Protein chains: 2
Amino acid sequence: MYDIIQAYNKTRGTTLLDQLKEKKPLFLCVIGVTETAKIQGISAAGENPEITDYTPPADVELLHLGKCKCIPGVPVTPSGIPTPALITMSALKLADIPTLVVSAGLKVKPHVPFVDLGGKPGRDIRTGRALDNAEEVLNRAKLAGENLAKTADYLVIGESIPGGTTTALSVLLAMGVDAKGKVSSSMPNNPHELKIRTAEEGFKASGVKFGDFADDPIKAVSTVGDPMQPALAGLVLGAADRVPVIMAGGTQMAAVLTVVKALNPDVLDNVAVGTTRWIIADKTADLKGLVAEIADVPLLAADLDFSRSRFDGLRAYEAGVVKEGVGCGGASMAAMLKSNGEITKQVLLKEIENNYKQLVDSKN
Amino acid sequence: MYDIIQAYNKTRGTTLLDQLKEKKPLFLCVIGVTETAKIQGISAAGENPEITDYTPPADVELLHLGKCKCIPGVPVTPSGIPTPALITMSALKLADIPTLVVSAGLKVKPHVPFVDLGGKPGRDIRTGRALDNAEEVLNRAKLAGENLAKTADYLVIGESIPGGTTTALSVLLAMGVDAKGKVSSSMPNNPHELKIRTAEEGFKASGVKFGDFADDPIKAVSTVGDPMQPALAGLVLGAADRVPVIMAGGTQMAAVLTVVKALNPDVLDNVAVGTTRWIIADKTADLKGLVAEIADVPLLAADLDFSRSRFDGLRAYEAGVVKEGVGCGGASMAAMLKSNGEITKQVLLKEIENNYKQLVDSKN
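Residues numbered from 1 in each chain as written. Chains lettered and ligands numbered in written order. Predicted model: local features only at pLDDT ≥ 70, side-chain atom pairs only at ≥ 80, totals over all residues. Heavy atoms only, no water.

(A) Representation of the interface of chain A and chain B within the structure. Contact residues are listed per partner, giving 27 residues for chain A and 27 residues for chain B. Buried surface at the junction of chain A and chain B, summed over both partners, amounts to about 2,300 Å²; 56% is from carbon and sulfur atoms. In this assembly, chain A and chain B are joined by four salt bridges. Of the charged contacts, one joins R242 of chain B and D96 of chain A as a salt bridge, the two residues approaching to 2.9 Å between their closest N and O atoms. Scanning the region where chain A abuts chain B turns up eight residue pairs in polar contact (both at pLDDT 80 or more). Here the element with the most residues in the side of chain A that touches chain B is helix α4 (residues 134-148) of chain A; it accounts for six residues. Considered class by class, the residues forming the side of chain A that touches chain B number 14 nonpolar, five polar and eight charged. (Contact = heavy atoms within 4.5 Å. Buried area = accessible area lost by both parts, 1.4 Å probe. Salt bridge = Lys/Arg side-chain N within 4 Å of Asp/Glu carboxyl O. Polar contact = N/O pair within 3.5 Å; in protein donor to acceptor, adjacent residues only side chain to side chain. Helix = DSSP H or I, 4+ residues; strand = E, 2+ residues; numbered from the N terminus. Nonpolar A, V, L, I, M, F, W, Y, C, P; charged D, E, K, R; others polar.)

Structure representation (structure tokens):
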């Protein structure tokens, strides 16, 4: 009855969808930056790597204000394709879902309220010293998760961190999950070789080998991770004791899932991964395989389809550009669930197109 | 049926108490600092005025962690009387009420999650240039209030800002409320003369006279206010459209109420002031008179009574030390309401005493 695809663990997925029907979610977006994103070719930042410092704050400004303040226009790929925050914003607005931004470590602060967890921007993982205070950030996030879980029937937690699939790859490898060739990319041509080489340089610098940190997720993220990972894991650990949590993202969530599992496998009973059809359909990656290897949690995907959109910038999503981010899949699912299916993928696309048009018009 | 005193507008107060019975609150604590607190004799900081920078973060650490991290022990008056955060923490814990800290402008960051509104510490009001970006902070707070109102049946919003009754006095005067001799103090001997002199120096420096900013609350707080005021007012303005809001504090809330009224009087239909019996009983101040002059909102007070406590440090509250702060009156009321009266003032005192003992024991 919903435009939601069940990609893994359909039994638990069905139970969860029943449970969340018409319930009240709280949407969180964890933002952070890592110098890893500035490596040439890693992220879709193109010619100006410094722009990756602005993408996460700009994304959450769009969520809250319907426009960005720290940059002109909105975040786009080098070919001009708009940020998935446009989808998230449209879904949250349609379904009147409350939203809270969580900073895991930023260089540029958003011009909207955000929860500060005391985190700092991440270093290039090739240093082998990515994060300084991952444990403290995780503990503070846990405290926030415990409190926020009391304010909603369930949480949907997305992320925005450029370079995040590379740091996901390296953390997965450090924790013994064979993720080579399985993480996604916001670009149609997934630069697996470059990502693997980057992870391996981090391993070399820190003297770490595959699986060394299988039981020490704090060391894994501190060595070759990014700030989003301990923050998002902490929120899940704090909240999922009390309410269901949808981890809203693509292959980055596999790394967070591994961290959560290593710290408290019991909470996984209350966790699902929520993404987009574009991630499930991505032949250059394998989120389903990663999730299946890590935990028996449901993998759900919003059945978004932009192939008939009247805008080129949206139809491009069908060619494998962007695919996921800012929790757009999970937010879309939450909008469908909260409205008991009244918000379909068509209704959502129409809202996205309206918002897209407004943004394009206001730019001109 | 509750240990709650109705001090003003009993009709609306009774309706509100009925409406909130067994409902789910969210407790917010707005923290900030102002250099005004460092004026000798203004606050209870005693010999070391720099300690006022640590009080608000220490208070919210106590709320979240049951102990402070940025200071040893807990905030105390010069005579060793513990912070009212002890009461708030006990009430929130007993009634399992979710809590979120909001920073309006700090020098020392708490070791717990907090919502950042982009605010900065306030200058000494004698400069006549207290705040730089009050409007931006108010607008961000409004956005946060709008979102958080969707996560709870009602909000209870407290504050912790040393020196806050002096900045309340000056803002009230700037907005045309005759507050001389009516604001409270955390000390038994309320230094009214000093507060008035401080406000007048700010007026002189800025060329402002009584009532000049009656219709311009942003200018009032920017000239002679403190960072908590626009932040708390923004939260109320954002939230009270949708859910009831209890402004949890003493005479500082009169200043915030004036700001709220000047910007959107309609939301006052959904607002009450919640304080403690000690404030209502305070012969050196007149919260009831202030509220009555400003708006027809209910004034409620948790009927806290420490006269039979087994601890000197708590019995001191009956002598007029501390009286209010960290939303302790509003949080106590919320605990009573949420538990449908099962949490009485006796039950609460027992919990406060247990927590007090633990803190004293862990210190020794």
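(B) Inspection of helix α9 (residues 252-263) of chain A at higher detail. Residue and element names in this part refer to chain A. With 12 residues, α9 ought to run about 16 Å at 1.5 Å a step, and its terminal C-alpha atoms sit 18 Å apart, in line with that. Counting buried positions over the 12 residues of α9 gives nine, a clear majority of the element. Every buried residue of α9 is listed here: Q252, M253, A254, A255, V256, L257, T258, V259 and V260. (Expected span 1.5 Å × (residues − 1). Buried < 20%, exposed > 50% of the residue type's maximum accessible area, 1.4 Å probe, protein only.)

(C) Summary view of unusual backbone geometry. All names here are of chain B. Located in the positive-phi region is V322, a residue other than glycine, with phi close to 70°. For V322, the position within the fold is in the loop between α12 (312-315) and α13 (328-338). Unlike most non-glycine residues, V326 shows phi in positive territory, near 55°. Mapping V326 onto the fold places it in the loop between α12 and α13.

(D) Representation of the relation of the copies chain A and chain B. Here chain A sits on chain B after a turn of 180° about the axis and a move of 0.0 Å along it, with an RMSD of 0.0 Å. Here the symmetry operator amounts to a two-fold rotation axis. By C-alpha distance to the rotation axis, the residue of chain A lying nearest is V115 of chain A, at 2.1 Å. Comparing contact sets, 100% of the residues at the interface of chain A also lie at the interface in chain B, consistent with an isologous, same-surface contact. (Least-squares fit on C-alpha atoms with pLDDT ≥ 70 in both.)

(E) Examining the pairing of strand β5 (residues 154-160) of chain B more closely. All names here are of chain B. Along β5, seven of the seven residues are buried, which leaves the element largely enclosed by surrounding structure. Both faces of β5 are covered, namely the face carrying Y154, V156, G158 and S160 and the face carrying L155, I157 and E159. Where strand β2 (residues 25-32) lies against β5, seven bridges are found, and the strand directions are parallel. If you follow L26 over to β5, its bridge partner there is L155. Here β5 pairs with strand β6 (residues 245-248) via three bridges, running parallel. Bridge assignment links V156 to a residue of β6, and that residue is I246. (Pairing = 2+ DSSP bridges.)

(F) Quick peek at the nonpolar core. In this structure, L257 of chain A together with L257 of chain B are the most contacted members of the largest nonpolar core, which totals 146 residues. Apart from the residues within four sequence positions on either side, L257 of chain B is in contact with M247, L268, V271, V273, V291, I294, A295 and V297 of chain B. (Core = buried A, V, L, I, M, F, W, Y, C linked by side-chain atoms within 4.5 Å.)

(G) Just the pattern of salt bridges, in detail. Residues and elements named next belong to chain A. Applying the stated criterion across every chain yields a total of 38 salt bridges over all chains. Where R277 meets E318, a salt bridge forms, and the shortest distance between an N and an O atom there is 2.8 Å. Linking R277 in helix α10 (residues 277-280) with E318 in the loop between α12 (312-315) and α13 (328-338), this pair joins segments that are 41 residues apart in sequence. Residue E318 is classed as partly exposed on the basis of its relative accessible area, which comes to 28%. Through salt bridges with shared partners, a single ionic network connects E35, K38, E50, D53 and K107.

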